[in-house]
Amino acid sequence: MKLSFEITEQDYIDFNMTHFDTSKTIRNSYRKSYISGAVLLFALPFVIPPPVEGYLILWRGLLWGSAVLWLLFYTKFLKNRFRQNILKMLREKDNSFLGQKELELREDGILTSSSASETLTAYSGINDIIEGPTGIYLYNSAFSAIMVPKRAFADERQKKEFIEFVKPRIVQKAMPAKKSLLDRLD
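Because the structure is predicted, anything quoted here is derived from the model rather than measured. (Residues numbered from 1 in each chain as written. Predicted model: local features only at pLDDT ≥ 70, side-chain atom pairs only at ≥ 80, totals over all residues. Heavy atoms only, no water.)

1. Considerations on the environment of Leu90
- Tracing the backbone shows Leu90 in helix 3 (residues 56-92).
- Among the residues examined, Leu90 registers a relative accessible area of 4% and is labelled buried.
- Taking the C-alpha atoms as reference points, Leu90 and Ile13, separated by 77 residues in sequence, lie 9.3 Å from one another.
- The contact partners of Leu90, leaving out residues within four places of it in the chain, are Glu9, Tyr12, Ile13, Asn95, Phe97 and Leu98. (Helix = DSSP H or I, 4+ residues; strand = E, 2+ residues; numbered from the N terminus. Buried < 20%, exposed > 50% of the residue type's maximum accessible area, 1.4 Å probe, protein only. Contact = heavy atoms within 4.5 Å.)

2. Comments concerning the sheet that holds strand 7 (residues 145-149)
- Pairing is antiparallel across the open sheet formed by three strands, whose spatial order is 5-6-7. Looking at the sheet topology across the chains shown, the edges are occupied by strand 5 (128-131) and strand 7. Shown here is a sheet whose adjacent strand axes are inclined to one another by a mean of 15 degrees, direction ignored.
- When strand 6 (residues 135-139) meets strand 7, the two strands line up antiparallel, connected through five bridges. Looking at strand 7, one finds that Tyr137 is bridged to Met147.
- Along the sheet, helix 1 (residues 9-22) makes contact with strand 5, strand 6 and strand 7, crossing strand 6 at roughly 65 degrees.
- The strands touched by helix 4 (residues 156-166) within the sheet are strand 5, strand 6 and strand 7, with strand 6 carrying the most contacts at an inclination of about 10 degrees. (Pairing = 2+ DSSP bridges. Axes fitted to C-alpha atoms, helices over the stretch in contact; angles between N-to-C directions.)

3. Details of the packing of helix 2 (residues 24-47) against helix 3
- Here helix 2 crosses helix 3 at 170 degrees, and the two axes come no closer than 8 Å. One way to sum up the angle between helix 2 and helix 3 is to call them roughly antiparallel. Residues Tyr30, Ser33, Tyr34, Gly37, Ala38, Leu41, Phe42, Leu44, Pro45 and Phe46 of helix 2 form the contact with helix 3, whose participating residues are Leu56, Trp59, Arg60, Leu63, Trp64, Ser66, Ala67, Trp70, Leu71, Tyr74, Thr75 and Leu78. (Parallel < 35°, antiparallel > 145°, perpendicular 65-115°, else oblique.)

4. Regarding the sheet that holds strand 4 (residues 118-121)
- Reading across the sheet, the four strands line up as 1-2-3-4 and stay open at both edges, with antiparallel pairing between neighbours. Both outer strands of the open sheet, strand 1 (2-7) and strand 4, are each paired with one neighbouring strand and no more. Between one strand axis and the next, the sheet turns by 20 degrees as a mean value, whatever way the strands run.
- Summarising the sheet, strand 1 and strand 2 (residues 99-106) pair through six bridges and their orientation is antiparallel. Bridged to Phe5 within strand 2 is Lys101.

5. Observations regarding the environment of Ala67
- Here Ala67 shows up in helix 3.
- With sequence-adjacent residues up to four places away left out, Ala67 is seen in contact with Ala38, Leu41 and Phe42.

6. Observations regarding helix 3
- Along helix 3, the helix axis deviates most sharply at Phe73, where the bend reaches about 55 degrees.
- Considering only its buried residues, helix 3 is in contact with helix 1 and helix 2. (Bend = angle between axes of the 7 residues up to and from the residue.)

7. A few points about the packing of aromatic side chains
- Counted according to the given criterion, the structure contains 13 aromatic pairs.
- For the ring pair Phe15 and Tyr137, a centre distance of 5.1 Å and an interplane angle of 55 degrees mean the geometry is tilted. Pair noted here: Phe15 is in helix 1 and Tyr137 is in strand 6, with a separation of 122 residues, a long-range link. Grouping residues by exposure puts Phe15 and Tyr137 together as buried.
- Pairwise contacts between aromatic rings join Phe20, Tyr30, Tyr34, Trp70, Tyr74 and Phe82 into one cluster.
- Of note, Arg169 hangs over the ring of Phe165, and the distance from its end group to the ring centre comes to 3.6 Å. (Phe/Tyr/Trp six-rings, centres within 6.5 Å; stacked < 30°, edge-to-face > 60°. Lys NZ or Arg CZ within 6 Å of the ring centre and 35° of its normal.)

This is the structure we're talking about:
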């Protein structure tokens, strides 16, 4: 099977946002900061007296209201900051991984090529397959993957054939943070 597609900045952002949602390490770090921020704001009125004497109820209301806002908006804030940082990094340097790509599934591996390079990745080098909202990601390390946008497939059937071709050829080396396509297709 051969596919031709373009990797755009948005594809790279989508990959990283999918990684943000599926990585066990990132999820644990996020969960700790989410909970510790709220606990800190709830506990502060008991540790620090109000700046103006006699305004304890106002002080508690202000900090507890901030804790509620933290719980409601922290996820959105964190994801927006993550997205902005990805964009900044993309614009810092020449990113040869963006642009037109050709991908060919062969018996000996996955051949990806662009105008600047050609790489053959053995199936044994693929750790996991994750399907995100806009792409299929063939992880070859903890934070790197071959990105295949869903728009590269003519239809859902072709996408399924792609996954069914790759799935039996790879060996899952580590437990995925989230149910991957390997688990769901069994």
